[in-house]
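Remarks on the overall topology
What follows is the residue order along each chain.
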2 protein chains.
Amino acid sequence: MTAASYTPSRAIPAEDIRKWDLETDVAIVGFGIAGACAAIEARMAGAAVTIFEVAAAAGGSSAMSGGEFYIGGGSETQKAAGFDDTIDDFRAYLTMASGPGVDQPRVDRYAENGLEHLEWLAKQGVPFKGTYLPGRWPEPPTDDTLIWCGSETAWPFRDVAKPAPRGHTAQAVGRGGGQMVMDRLSGRALALGVEAHFSARALCLIVGRAGDVLGLVVRIDGEPRMVRARNGVILASGGFIANPDMLQQYAPRVLGINSYPITGGNDDGSGIRMGQSVGGALTHMEQFFATRTTFPPESLIKGIIVNEQGQRFINEDAYHGRVAQYALRQSNGRAWILLDNATFARPESFPQVTIAAVGETWAEVEAELGLPEGELVHTVNAYNRAAAEGRDPLFHKQPEWLQPLAEPPFAALSACIPDWPAVTFTLGGLVTRPSGEVLDAIGQPIPGLYAAGRTACGVPRWGDGYSSGMSLGDSSYFGREAGRSAARARAA
Amino acid sequence: MTAASYTPSRAIPAEDIRKWDLETDVAIVGFGIAGACAAIEARMAGAAVTIFEVAAAAGGSSAMSGGEFYIGGGSETQKAAGFDDTIDDFRAYLTMASGPGVDQPRVDRYAENGLEHLEWLAKQGVPFKGTYLPGRWPEPPTDDTLIWCGSETAWPFRDVAKPAPRGHTAQAVGRGGGQMVMDRLSGRALALGVEAHFSARALCLIVGRAGDVLGLVVRIDGEPRMVRARNGVILASGGFIANPDMLQQYAPRVLGINSYPITGGNDDGSGIRMGQSVGGALTHMEQFFATRTTFPPESLIKGIIVNEQGQRFINEDAYHGRVAQYALRQSNGRAWILLDNATFARPESFPQVTIAAVGETWAEVEAELGLPEGELVHTVNAYNRAAAEGRDPLFHKQPEWLQPLAEPPFAALSACIPDWPAVTFTLGGLVTRPSGEVLDAIGQPIPGLYAAGRTACGVPRWGDGYSSGMSLGDSSYFGREAGRSAARARAA
């Protein structure tokens, strides 16, 4: 049979396999951060490991990230910066951030092992300078390695967990720390003797009579190769933000928000579908990350965001992704950031922002935006009165960001859907145990199958609660767990 | 093997079956409206049909409904009442009401065949008096059979489809038309020679080597019976509102809204899981119907609903389920219905409603509710000013419902989550073609397997767009399609 004759993601029975072209203990699909960490752990546990990556090089969408890991609990860097974060506060924050569908055992495991995980990443060659950068940054512009990167100081999160910065970022000047992180981790995996095949597309899984996963079919040099995985297969090939059909079926809202996906194009859901083909269950498929970064400069956080009713709807000091999710849900997808002369600036990440209205009075801005008469004016006046007293009785924005918008001229930046693309990726995926074992519809593990990274549904599973570094942290940590689980399976 | 030795919802291979205890052409799981209509069509097409119902009698949650069918396009009853509804307007309304994940081919099929379906229901013995009852009713208190039952006249629906009443309701005085509808349809099925087993629980499907469904195992009188279904199995056993584990995994928000499920207890998701066990894909599992009926009396629609910021957030003349969904999403699940002396009343469906505050001025009500100073007062004053001019510039509530709330004393009814349970059922389920064929993860049909009713994801798949009668209409119409498809499969 030729590669073209396989139905993508449809499992085939092992009894149809005449000979195995390749044999290994642990076969991993995808060489992003989940696959790399799984490979390192499985190899260090003594397993023969082979990775199949569809792209020409390692990295995946992980390499497009900022290289941040959302980890707390009292790291050396946190302590040196004067923060006494605890595992309980870290766990409490993650629990709220995971939303109503929180997987508590997974959150507990991640919170309890976060500090060890940071040390492990450093041992693998990911550099952490150990210095803290104050202020609010999506990524450090310096080579500092600890920043605030979520809603820790914002209502309602600050009420359930003592705030602390938890954005542990790989040491790299400026953006793009993710590429360096992936260079180090993929290099480490290869140095340990992990075998990697690039431009290699996983076509489908190979299953035994009992439904256990025995291997997979991979297209290499245009030919289908039968791969025997003695311990199991780990699916770590990303999410489905690059698959319009899956988005329409599972997360149709993404198609309506002017989405700018974080992907090299290979987050096509094929890993998720391979898992489904052997009975793997899915969860939280409707959830996705979406953001429009307003800062730097921080002065934009001192502005307020209103909808087409002229109402505020969120505390503007919440994580930029949370603010974006709320804005995207307002009627007709319309929202504006209101600034005065003292706070006005264009977002560094989006200098081409549309200035929808300017005026010497807020009434002029309201009229120029065509909003209901008196609503925006009331909203700003009420906000200003309370802000002057250091209060935000509506949404509890913190005093540090409260400043009356009283110095003309005034302006409204458009946060309407068509005017400002939202950076996105998916959060739903295969149901797994913290061990990485893929579960079926009735919660039973599928022998020989593991998943990690965005192919699985992890700690981050609620767009409204996402914080920078949650996906990289979850993917790297639970990638390790999956690698260890698969390596152990060999003994069994 | 005993019944207890089967893993619920885990398919077993046909080669393990020693002998078939029962043989039929079409086996149907569930004797609610989807199962009843599937049975009638399959039987009329000449197939031998056997229904397995876990309860002691037919009906399911369909019997707990109001007996409304959301159908339009220009019925005799609509015409007699002076409404010139068209199939295009009916389709346009359903398309918006299905939300961002609309299944257009399914909506088109339903819209184009709605009038024929009404006639078919009448032929089966469901009585329609053919008279229209003006006003806004969740169900007709009279024996009239056409009412307004959605958001047809409300923004934004009125802008995409010319409004018309489409709630075709079985003739019955007062509530509970659903029981009569099920008595007629189940009686019709039995009269046609459909064999029915009650107190019969479907345990799991039986599959062939190619993954095709050949039958199922049913527990009857405590014993597992091997049932051969020559044409196929139709899963019509309802949704999963009675399964807390599935709700936690797929629709966790339901667990946080003080849910009062519409179910006899058998909407346990077992049909969905049987479909999953043979590779059936799921969609829109996070979506659910939720409502708190405010009218009668209609005067409550003239009130306004505000959140804990003292803001309005929806046009109060939208369908009660849409208003409820918005209210349930407000911060801390807090909302109140504001009424003045001229509009005050207790909802007939919930007379024990909590009166959270009363006052001679709106400022007193605002203070008693502990809302941010001046916000509720601004909201009411702005609403009253515009209402006096017949306008609602914020949410476009229609003039018919606009009346200044100006006659003291004033009151606030609590629509906070703990104070007012929301009636619920689930909308997510198996992915099917309009024909009822269940599809796998890559969109291929699973031979021998069909689904209808809330075991499948149908036309209603968006809580914000639900209208009364959509589930009964979808379940009865697509139940028929599934029955015909399965009957045809016999010839093949």
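Residues numbered from 1 in each chain as written. Chains lettered and ligands numbered in written order. Predicted model: local features only at pLDDT ≥ 70, side-chain atom pairs only at ≥ 80, totals over all residues. Heavy atoms only, no water.

Under an unreviewed UniProt entry, the name given to chain A is FAD-dependent oxidoreductase 2 FAD-binding domain-containing protein, and the organism recorded is Novosphingobium indicum. Per UniProt, chain A has the following entry under Cofactor (unreviewed entry): "FAD". (UniProt positions renumbered as here; feature names shortened; annotations may be inferred.)

Bringing the sheet that holds strand β14 (residues 288–291) of chain A into the picture now. All names here are of chain A. In spatial order, the strands read β12-β19-β14; together these three strands make up an open sheet with mixed pairing. Each edge of the sheet is formed by a strand with only one pairing partner; in this case those strands are β12 (259–261) and β14. Neighbour-to-neighbour, the strand axes of this sheet turn through a mean angle of 35°, independent of strand direction. Two elements, β14 and strand β19 (residues 422–426), share four bridges in a ladder whose sense is antiparallel. The residue bridging Phe 288 from the neighbouring strand is Thr 426, located in β19. Along the sheet, helix α9 (residues 320–328) makes contact with β14 and β19, crossing β14 at roughly 95°. (Pairing = 2+ DSSP bridges. Helix = DSSP H or I, 4+ residues; strand = E, 2+ residues; numbered from the N terminus. Axes fitted to C-alpha atoms, helices over the stretch in contact; angles between N-to-C directions. Contact = heavy atoms within 4.5 Å.)

To continue, consider the packing of aromatic side chains. Under the defined criterion, the tally for this structure stands at 36 aromatic pairs over all chains. Each ring, one from A:Phe83 and one from A:Trp148, has its centre 5.6 Å from the other, and the planes form 90°; the classification is edge-to-face. Taken together, the positions of A:Phe83 in the loop between α2 (76–80) and α3 (87–97) and A:Trp148 in strand β6 (residues 146–148) put the pair 65 residues apart, joining distant regions of the chain. Taking relative accessible area as the criterion, A:Phe83 reaches 18% and is therefore assigned buried. Overall, the relative accessible area of 13% leaves A:Trp148 in the buried class. Between B:Tyr477 and B:Phe478 the ring centres are 4.9 Å apart and the planes differ by 85°, which places this aromatic pair in the edge-to-face class. Residue B:Tyr477 is classed as buried on the basis of its relative accessible area, which comes to 3%. (Phe/Tyr/Trp six-rings, centres within 6.5 Å; stacked < 30°, edge-to-face > 60°. Buried < 20%, exposed > 50% of the residue type's maximum accessible area, 1.4 Å probe, protein only.)

Glancing now at the packing of α3(A) against helix α4 (residues 104–123) of chain A. Residues and elements named next belong to chain A. Contact geometry for α3 and α4: axes closest at 9 Å, N-to-C directions at 145°. For α3 against α4, the interelement crossing comes out right-handed. Facing Ile 87, Phe 90, Arg 91, Leu 94 and Thr 95 of α3, the residues of α4 in contact are Gln 104, Val 107, Asp 108, Tyr 110, Ala 111 and Glu 112. The residue makeup of the contact of α3 with α4, split by class, is six nonpolar, two polar and three charged. (Left-handed = near helix turned anticlockwise from the far one by under 90°. Nonpolar A, V, L, I, M, F, W, Y, C, P; charged D, E, K, R; others polar.)

Residues and elements named next belong to chain B. Taken together, the four strands give an open sheet; going across it, the order is β4-β7-β6-β5, and neighbouring strands pair in mixed fashion. Looking at strand neighbours, the two that pair on one side only are β4 (68–70) and β5 (132–136), the edges of this open sheet. The mean angle between the axes of side-by-side strands here comes to 30°, regardless of whether they run parallel or antiparallel. Pairing between β5 and strand β6 (residues 146–148): two bridges, direction parallel. Its bridge partner lying in β6, Tyr 132 is registered against Leu 146.

This paragraph deals with the interface of chain A and chain B. If you look at the interface, chain A gives 41 residues, while chain B gives 41 residues. For the pairing of chain A and chain B, the buried interface totals around 3100 Å² over both sides, and the portion due to carbon and sulfur atoms is 52%. Of all residues in chain A, the largest losses of buried area upon contact with chain B belong to A:Leu394, A:Ala441 and A:Ile442, amounting jointly to 17% of the total for that side. Linking chain A with chain B are four salt bridges, by the criterion used here. For A:Asp440, the salt bridge is made with B:Arg10, and the minimal N-O distance between the two is 2.1 Å. Applying the counting rule to chain A against chain B returns 16 residue pairs in polar contact (both at pLDDT 80 or more). At the level of secondary structure, the elements contributing two or more residues to the side of chain A that touches chain B comprise α7 (244–250), α8 (270–277), β13 (282–283) and α11 (375–388) of chain A. Classifying every residue of the side of chain A that touches chain B by side-chain character gives 16 nonpolar, 15 polar and 10 charged. (Buried area = accessible area lost by both parts, 1.4 Å probe. Salt bridge = Lys/Arg side-chain N within 4 Å of Asp/Glu carboxyl O. Polar contact = N/O pair within 3.5 Å; in protein donor to acceptor, adjacent residues only side chain to side chain.)

Glancing now at the domain arrangement of chain A. All names here are of chain A. Under the domain assignment, chain A is made up of domain 1 (1–290 + 424–492) and domain 2 (293–420). Interface of domain 1 and domain 2: buried area, both sides summed, is about 2200 Å²; carbon and sulfur atoms make up 51% of it. Sorting the residues of domain 1 by area buried against domain 2 places Arg 136, Trp 155 and Asp 464 first, and these three jointly supply 35% of that buried surface. Inspection of the region where domain 1 meets domain 2 yields one salt bridge. A salt bridge links Arg 329 to Asp 464; the shortest N-O distance between them is 2.9 Å. If you look at where domain 1 meets domain 2, you find 11 residue pairs in polar contact (both at pLDDT 80 or more). If you list the elements that add at least two residues to the side of domain 1 that touches domain 2, you get β5 (132–136), α5 (157–160) and β14. When residues in the side of domain 1 that touches domain 2 are grouped by element, the largest group, three residues, is from β14. (Domains from an automatic or database assignment.)

Right, let's talk about the relation of the copies chain A and chain B for a bit. Each of the two chain copies goes to the other by way of a rotation about an axis and a shift along it. For the pair chain A and chain B, the superposition axis carries a translation of 0.0 Å, the fit reaches an RMSD of 0.0 Å, and the rotation angle comes to 180°. Classification of the inter-copy transformation places it as that of a two-fold axis. Among all residues of chain A, the one whose C-alpha sits closest to the rotation axis is A:Gly279, at a distance of 3.0 Å. Comparing interface residues between copies, 100% of those in chain A also lie at the interface in chain B; the contact surface is shared. (Least-squares fit on C-alpha atoms with pLDDT ≥ 70 in both.)

Residues and elements named next belong to chain A. Here helix α10 (residues 362–369) crosses α11 at 140°, and the two axes come no closer than 8 Å. Here α11 runs oblique to α10, going by the angle between their axes. Seen along the crossing, α10 lies across α11 with a hand that is right-handed. Of the residues in α11, those touching α10 at Trp 362, Ala 363, Glu 366 and Leu 369 are Glu 375, Leu 376, Val 377 and Val 380. (Parallel < 35°, antiparallel > 145°, perpendicular 65-115°, else oblique.)

Let us now look at the pattern of salt bridges. As enumerated under the stated definition, the model contains 58 salt bridges over all chains in all. Between A:Arg484 and A:Glu41 there is a salt bridge whose closest N-O contact spans 2.8 Å. With A:Arg484 in helix α12 (residues 470–491) and A:Glu41 in helix α1 (residues 33–44), the pair connects residues that are 443 residues apart, well separated along the chain. B:Glu389 is the partner of B:Arg391 in a salt bridge, and the nearest nitrogen-oxygen pair spans 2.9 Å. By relative accessible area, which is 40% here, B:Arg391 ends up partly exposed. By relative accessible area, B:Glu389 is classed as exposed at 53%. Where salt bridges share partners, they join A:Glu41, A:Arg109, A:Glu116, A:Arg480, A:Glu481 and A:Arg484 into one cluster.

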